[in-house]
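Working through the structure, step by step
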Number of protein chains: 2
Amino acid sequence: MARTDWKRPALTPLAEGMKRVRLTLSYDGSLFNGWQSQDNGVGVQDVLNEKLGEIYGLPVRVQGSGRTDAGVHALGQVAHYDVPIGSSRIGDERVALALNARLPHSIRILESASADASFHARFTTMAREYKYFVKAQDEALPFDEGHVGLYRRLPEIALLDGYARQLFGTHDFTSFASARDQSGSAVRDIYVSRWDEGRDMFSRRLYVYTVVGNAFLYHQVRSMVGTMMCLALKGGSVEDFKAILDSKDRSRALTTAGAAGLYLSRISYDETEYQWFEEMM
Amino acid sequence: MARTDWKRPALTPLAEGMKRVRLTLSYDGSLFNGWQSQDNGVGVQDVLNEKLGEIYGLPVRVQGSGRTDAGVHALGQVAHYDVPIGSSRIGDERVALALNARLPHSIRILESASADASFHARFTTMAREYKYFVKAQDEALPFDEGHVGLYRRLPEIALLDGYARQLFGTHDFTSFASARDQSGSAVRDIYVSRWDEGRDMFSRRLYVYTVVGNAFLYHQVRSMVGTMMCLALKGGSVEDFKAILDSKDRSRALTTAGAAGLYLSRISYDETEYQWFEEMM
């Protein structure tokens, strides 16, 4: 279990005569008003509920591992829904095909599978992985619009990676919390925090920040990325970055990176995957 | 000079008191109705003419190296325009910045530069490079929509590359001509023709076909790609592919690949760049 005081809510049991199906999906966040259902019906959740309703012929409500904001993408969002046993002849593994045939191309179901009552997309999440992609503004192509964070230039990656290592471990992340975060304690665990060089399919240079944690504060990843990029562009040292983290003062964060570069890339439900962290800390 | 009988038209001289400016640009073809001006004003050319008109305060008409169809993208399209000397205080090299500030993000000017009267974006073109990106359908992400050609699966790349080598050289490409092509002779030179493995920015596998030629027939690249992919998926041999090329019969081409995967990637105006081809053939 995570070392932090972020509490996992109690599970709601699966109702009698119902079965649970788990979905893994990717979506282009630039075309939706976020994950969550919206009054205007353009949340990713709304579209999934509608198409699942068509397949099963009854109202279906998906539960995601967590929300993503407007403009934020997913490479591996996970969701589940409950439907009456026998409500469809489509096997749980074939739901992915049936959904993809109905969904816009901006949402792709990567996998569908049977789940049991002990699984809950949100409440049994053990870790969340995000990736943030950045490019230099003058190396940007039209295809980057809405999909990559653009900065004046790309700073030394060793400096960025030096900052990122400071975020590893158990910390009070108040410095990177949004004023809108209402989760109480800002203490969270970060299991992976690193910058890598990459290339897009046109072989253009980019950087990608990968972070895995037990849970994140509202806007925490974007605030960490924005602060790392801006501090690096100003030539700030690793000690300068550590001072921002240690201050527990949200006025010290330099900026919040835009939604466009952020991808919810993986959800882990495996209790053992980050057990080494517990033992190490 | 190219060995084929494709004739280069005579240059129209630069009018007295005028100067010529050259642009290199990229655009997302999924958002435009092709390069060429359209009655509905959504050709890339229309947008450029409009924004250049704002900058210079007089009507400007850009001339591209050639058209791209609706849905086809550009990584390195080249165009030029003529304006009266002294019509703007913006230096020719700074036009890129001024245009990018006014253009939608779906069109990016990569470079602007002064050109002399001996340069003509279309009529002095020595070679055109296209790239075509393909992925397996079940490995596609939402971000691939409109930007990658999707196929049932990716065949052996060595087989595709074996086909591609047959296209190298001087050939009558009637087999890959569209019925709509009106250019007379179908003999063209191909200087580069090869398949490579690649990755997108999410490290997902893709293939890229790169082809450089002196000129192409209407839909020729898409017909060659579609035929190579379909034949490879059926397990056809290199000899089978060569028989299609040699037949000079357009009913033998298997299919025309979609516009989404095609990128006009580079225009060469260098007479010496492919001189080795002349000497070799």
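Every chain begins its residue count from 1, and numbering advances along the sequence as written. Each chain gets a letter, beginning with A, and each ligand a number, beginning with 1, in the order they are written. Per-residue local features are limited, in this predicted model, to residues with pLDDT of at least 70; the limit for side-chain atom pairs, both in listing and counting, is 80 or more; totals at the level of whole chains, interfaces and linings are taken over all residues. The basis for every side-chain value is the complete set of heavy atoms in the structure, and neither hydrogens nor water enter the calculation.

**Regarding the UniProt feature "binding site: substrate" (unreviewed entry) in chain A**
All names here are of chain A. Cross-referencing UniProt, the feature "binding site: substrate" (unreviewed entry) maps to Tyr-130 in the present numbering. The way it works is that DSSP assigns letters per residue, a run of H or I at least four long becomes a helix, a run of E at least two long becomes a strand, and they are numbered from the N terminus. Mapped onto the elements of the fold, Tyr-130 is located in strand β5 (residues 127-136). We call two residues contacting when some pair of their heavy atoms lies within 4.5 Å. Filtering out sequence-adjacent residues up to four positions away, Tyr-130 remains in contact with Arg-67, Tyr-209, Thr-210, Val-211, Phe-216, Val-221, Leu-262, Tyr-263, Leu-264 and Ser-265. UniProt positions are given in the numbering used here, feature names are shortened, and annotations may be inferred rather than shown by experiment.

**Description of the side chain of Ser-223 of chain B**
Counting through the fold element by element, Ser-223 of chain B comes out in helix α4 (residues 220-233). Look past the residues within four positions of Ser-223 of chain B in its chain and what remains in contact with it is Ser-175, Phe-176, Ala-253, Thr-255 and Thr-256 of chain B.

**Side note on the relation of the copies chain A and chain B**
Copy-to-copy alignment: least squares on C-alpha atoms, limited to residues at pLDDT 70 or above in both. Once chain A has been moved 0.0 Å along the axis and rotated by 180°, it coincides with chain B to within an RMSD of 0.0 Å. These values place the two chain copies in the arrangement generated by a two-fold rotation axis. No C-alpha of chain A lies nearer the rotation axis than that of Asp-200 of chain A, which sits 2.6 Å from it. Here 100% of the contact residues of chain A are again contact residues in chain B; the copies associate through an equivalent surface.

**Looking at the packing of aromatic side chains**
Residue and element names in this part refer to chain B. Stacked, tilted and edge-to-face pairs are distinguished by plane angle, under 30 degrees for stacked and over 60 for edge-to-face with tilted covering the rest, among Phe, Tyr and Trp rings (Trp via its six-membered ring) whose centres lie within 6.5 Å. Overall, the coordinates contain 38 aromatic pairs over all chains when judged by the stated rule. With 5.3 Å between their ring centres and 40° between their planes, Phe-143 and Phe-202 make a pair best called tilted. Of this pair, Phe-143 sits in the loop between β5 (127-136) and β6 (149-151) while Phe-202 is found in the loop between β8 (187-199) and β9 (205-213), placing the two residues 59 residues apart along the sequence. What makes Phe-143 buried here is its relative accessible area of 13%. With relative accessibility at 19%, the residue Phe-202 sits in the buried group. Considering the side-chain rings of Trp-276 and Phe-277, the 6.0 Å spacing of their centres and the 80° angle between planes classify their relative orientation as edge-to-face. Each residue gets one of three labels from its accessible area relative to the maximum for its type: buried under 20%, exposed over 50%, partly exposed in between, using a 1.4 Å probe on protein chains only.

**So, the interface of chain A and chain B**
It is common to give the size of an interface as the accessible area lost on bringing the parts into contact. Across the boundary between the two partners, chain A contributes 26 residues, which contact 26 residues of chain B. For the pair chain A and chain B, the summed buried surface comes to about 1900 Å²; carbon and sulfur atoms form 76% of the total. The largest contributions to the chain A side of the interface with chain B come from Pro-142, Phe-143 and Met-201 of chain A, which together make up 36% of the buried area. For this document, the term salt bridge refers to a Lys or Arg side-chain nitrogen within 4 Å of an Asp or Glu carboxyl oxygen. Viewed at the interface, chain B and chain A are joined by 0 salt bridges. Each polar contact in these results corresponds to two N or O atoms within 3.5 Å; when the atoms are within protein, one needs to be able to donate a hydrogen and the other to accept it, and residues that are neighboring in sequence are counted only if both atoms are side-chain atoms. Counting the contacts that link chain A with chain B gives 2 residue pairs in polar contact (both at pLDDT 80 or more). Secondary-structure elements contributing two or more residues to the side of chain A that touches chain B are β1 (18-27), β3 (73-84) and β4 (107-115) of chain A. Side-chain classes follow a simple rule in which Ala, Val, Leu, Ile, Met, Phe, Trp, Tyr, Cys and Pro form the nonpolar group, Asp, Glu, Lys and Arg form the charged group, and the remainder, Gly included, forms the polar group. Of the residues that constitute the side of chain A that touches chain B, the class distribution is 15 nonpolar, 5 polar and 6 charged. Put simply, buried area is the surface a 1.4 Å probe can reach on two separate parts but cannot reach once they are joined, added for both.

**Looking at the domain arrangement of chain A**
Residue and element names in this part refer to chain A. Per the annotation, domain bounds derive from an automatic or database assignment of domains. Looking at chain A, the domain boundaries give domain 1 (16-115) and domain 2 (127-280). Taken together, the contacts link 16 residues of domain 1 with 16 residues of domain 2. When domain 1 packs against domain 2, close to 1200 Å² is buried across both sides, 56% of that on carbon and sulfur atoms. One can count 1 salt bridge joining domain 1 with domain 2. Ionic pairing is found between Arg-222 and Asp-69, a salt bridge with its closest N-O pair at 3.7 Å. Across the contact surface, domain 1 and domain 2 share 10 residue pairs in polar contact (both at pLDDT 80 or more). The element best represented in the side of domain 1 that touches domain 2 is β3, accounting for 6 residues.

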